[in-house]
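# Notes for the structure review
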Amino acid sequence: MDRRTFLTSSGVVALSVVAARPALAAAQATVTSLAELQQAINSATAGTTITMANGSYAVPSGSPIRVSNRHGSSSAPITIVAQSRGGVTLTGAQSFVFSGSSDITISGFAFRQSTTLEIPADCPRIRLTRNDLRFAAETGHWVVVRGNDAKIDRNTFHDKATVGCYLVIDGPGSEAMAQRTHILRNHFRDHTFPGDNGGEPIRLGVSGRALSIADATVEYNLFERVNGDPEAISVKSSGNTIRYNTVRDSLGGIVLRHGNDNRVESNYLLSGDNGIRIYGNDHLIVNNYVDGVAGAGIVLGSGTERDHYAGEPTDSRRGNDAPDRVTIVLNTLRNNSQAVAGESQRTVPPLDCVIADNLMVGGSGELVDMPYLGGISWSGNIVWGQAATGNMPSAGYTRADPKLTAGSDGVYRLGSGSAAVNAAKLDHAGQVTDDVDGQPRSAPYDVGADEYSTGTPLRRPLTATDVGPNAT
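Residues numbered from 1 in each chain as written. Predicted model: local features only at pLDDT ≥ 70, side-chain atom pairs only at ≥ 80, totals over all residues. Heavy atoms only, no water.

Looking up the protein chain in an unreviewed UniProt entry gives the name Polysaccharide lyase 6 family protein, with the organism given as Kribbella sp. HUAS MG21.

Here's what the structure looks like:
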């Protein structure tokens, strides 16, 4: 209600109560052709929702759907949505082309175009959500993000057999990174490019941008049968968080290829070829569960360079930055070919790294093979199984039974009476507050990714129902 006061002829103040005016409804439009869609976009303002009628639409060559100089707001984006999820198919060379726009949401489309879909640097806060992406065979990279605060969530990227990434995060110019990209609950599956490089599902940066902080968050994504590259998540920038993802039955692993100060936390890597591989400085690798990987669960690499630096020559920047001050703690590494391994093919060794309070279990071979030991501090690790310990220093581990028990989801967790309970040697309070399952940790922490509990896990390995267009 709107209360108003006024003076009467006798000078008495009177109060009047007037019914409040109803808020203006946000603009709504339903369109049935590309021409109508373009017209609706051209007049859209903050809060406008444009619904595209279901059907297949061939976007003419040279006449894409242009989103130019349109601006929503953080609380009232301009939304362009399919009538039903996946009900609108866009074919042709291009679909949406953005310029000078912000706060735009694209939702529910089936993209079948043959060129890259780009979010340019002058377009912040663009959201792609609940879409199905399967571009034409000749397309290189499918989606490239250069604008800040983009959100790529609940999409399915699938069935690529040629070189190129599903999703690339770059930035303006040649060295900057797009800021604060949020990559959430997507399903990346069935990348079958047969080459040994260039088919990553996610490439977060590139060597020339490695020293730039991106502050991206990659979380709750599922990767299945992504075999186009040994790197499922290829991090080539700094200051990112990679957490709560599941990589299953894939060639690709999580690789910190370039950049510094990245956090890899509480991911599940299951029955694939590669685990977690690390280069660069000041990373934290914590709470990860790696099981049944054909390679090592964690590879602490070696370098051709000690550190990358501003103004570095291109060839040097492309080289491997030896790991410095990397912390690898509270991970469970079970039945991989090795638990922790290094590299001998490059000559610059790790420096001031910590490998502590990890659980390493194996049935054959050896758990640890580190050609460079001088730059690593070991403590509190627990080893178990028929596998030999390898060359981890004897002061860095205890051989004891963690009493692992398989859950209904196939994850092996600590059982009652486990030697890992309360056995951590380091104080991890400033590093992590819960375990891989999302259950609280309390000091002294348990060794490995799991904190013993009889409660129901809050997080588990993701399945297809947890991600993609129909995810909650």
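By secondary structure assignment, the location of Asp103 is in the loop between strand 9 (96–99) and strand 10 (104–107). Judged by relative accessible area, Asp103 falls into the buried class, the value being 6%. Among the polar contacts listed, one links the side chain of Asp103 to the side chain of Arg125, at a separation of 3.0 Å. Ignoring anything within four residues of it in the chain, the contact list for Asp103 reads Gly72, Ser73, Ser74, Pro77, Ile78, Pro124, Arg125 and Ile126. (Helix = DSSP H or I, 4+ residues; strand = E, 2+ residues; numbered from the N terminus. Buried < 20%, exposed > 50% of the residue type's maximum accessible area, 1.4 Å probe, protein only. Polar contact = N/O pair within 3.5 Å; in protein donor to acceptor, adjacent residues only side chain to side chain. Contact = heavy atoms within 4.5 Å.)

One open sheet accounts for 11 strands, arranged 12-15-18-21-24-27-30-33-36-39-42; its pairing is parallel. In this open sheet, the two strands that pair with only one neighbour each are strand 12 (117–119) and strand 42 (388–390). Between one strand axis and the next, the sheet turns by 10 degrees as a mean value, whatever way the strands run. Here strand 27 (residues 253–258) pairs with strand 30 (residues 276–278) via three bridges, running parallel. By the bridge assignment, Ile254 is partnered in strand 30 with Ile276. (Pairing = 2+ DSSP bridges. Axes fitted to C-alpha atoms, helices over the stretch in contact; angles between N-to-C directions.)

Bringing the environment of Asn336 into the picture now. Tracing the backbone through its elements, the reader meets Asn336 in the loop between strand 35 (332–334) and strand 36 (338–341). Judged by its relative accessible area of 9%, Asn336 falls in the buried class. For the pair Asn336 and Ser316, spaced 20 residues apart in sequence, the C-alpha to C-alpha distance is 33 Å. In this structure, Asn336 is in contact with Val290, Asp291, Gly292, Val293, Gly295 and Gly297, ignoring residues within four places of it in sequence. Within the local environment of Asn336, its side chain forms a polar contact with the backbone oxygen of Val290, the two atoms lying 3.1 Å apart.

Moving on, we get to the layout of surface pockets. Estimates place the volume of the largest pocket at around 270 Å³. Taken together, 17 residues make up the lining of the largest pocket; nearest its centre are Asn197, Glu200, Val206, Lys236 and His258. Listing elements by their share of the lining of the largest pocket, those giving two or more residues are strand 24 (231–236), strand 27 and helix 2 (314–317). Among the residues forming the lining of the largest pocket, the class breakdown is two nonpolar, six polar and nine charged. (1 Å grid on protein atoms, 1.4 Å probe; cavity = no way out; pocket = protein on both sides within 12 Å on 5 of 7 lines; lining within 4 Å. Points joined across faces, edges and corners; volume = space filled by probe spheres on them. Nonpolar A, V, L, I, M, F, W, Y, C, P; charged D, E, K, R; others polar.)

Listed as buried for helix 1 (residues 34–42) are Leu37, Gln38, Ala40 and Ile41. Down the axis of helix 1, the buried set is contained in an arc of 165 degrees. They therefore lie on one face. Exposed residues on helix 1 whose side chains face more than 90 degrees from its buried face are Ala35 and Gln39. Along its buried surface, helix 1 packs onto strand 3 (28–31), strand 4 (49–52), strand 6 (65–68), strand 7 (78–82) and strand 9. (Arc of directions from axis to C-beta.)

On to the packing of aromatic side chains. Counting across every chain of the model gives 12 aromatic pairs. An angle of 10 degrees between the planes, with centres 5.0 Å apart, marks the rings of Phe188 and Phe223 as stacked. Of this pair, Phe188 sits in strand 20 (residues 187–191) while Phe223 sits in strand 23 (residues 222–226), and the two are 35 residues apart along the sequence. Members of the aromatic cluster, connected to one another through ring pairs, are Phe135, Trp142, Phe157, Tyr166, Phe188 and Phe223. Looking at Arg185, its charged tip hangs above the ring of Tyr220, at a distance of 4.5 Å from the centre. (Phe/Tyr/Trp six-rings, centres within 6.5 Å; stacked < 30°, edge-to-face > 60°. Lys NZ or Arg CZ within 6 Å of the ring centre and 35° of its normal.)

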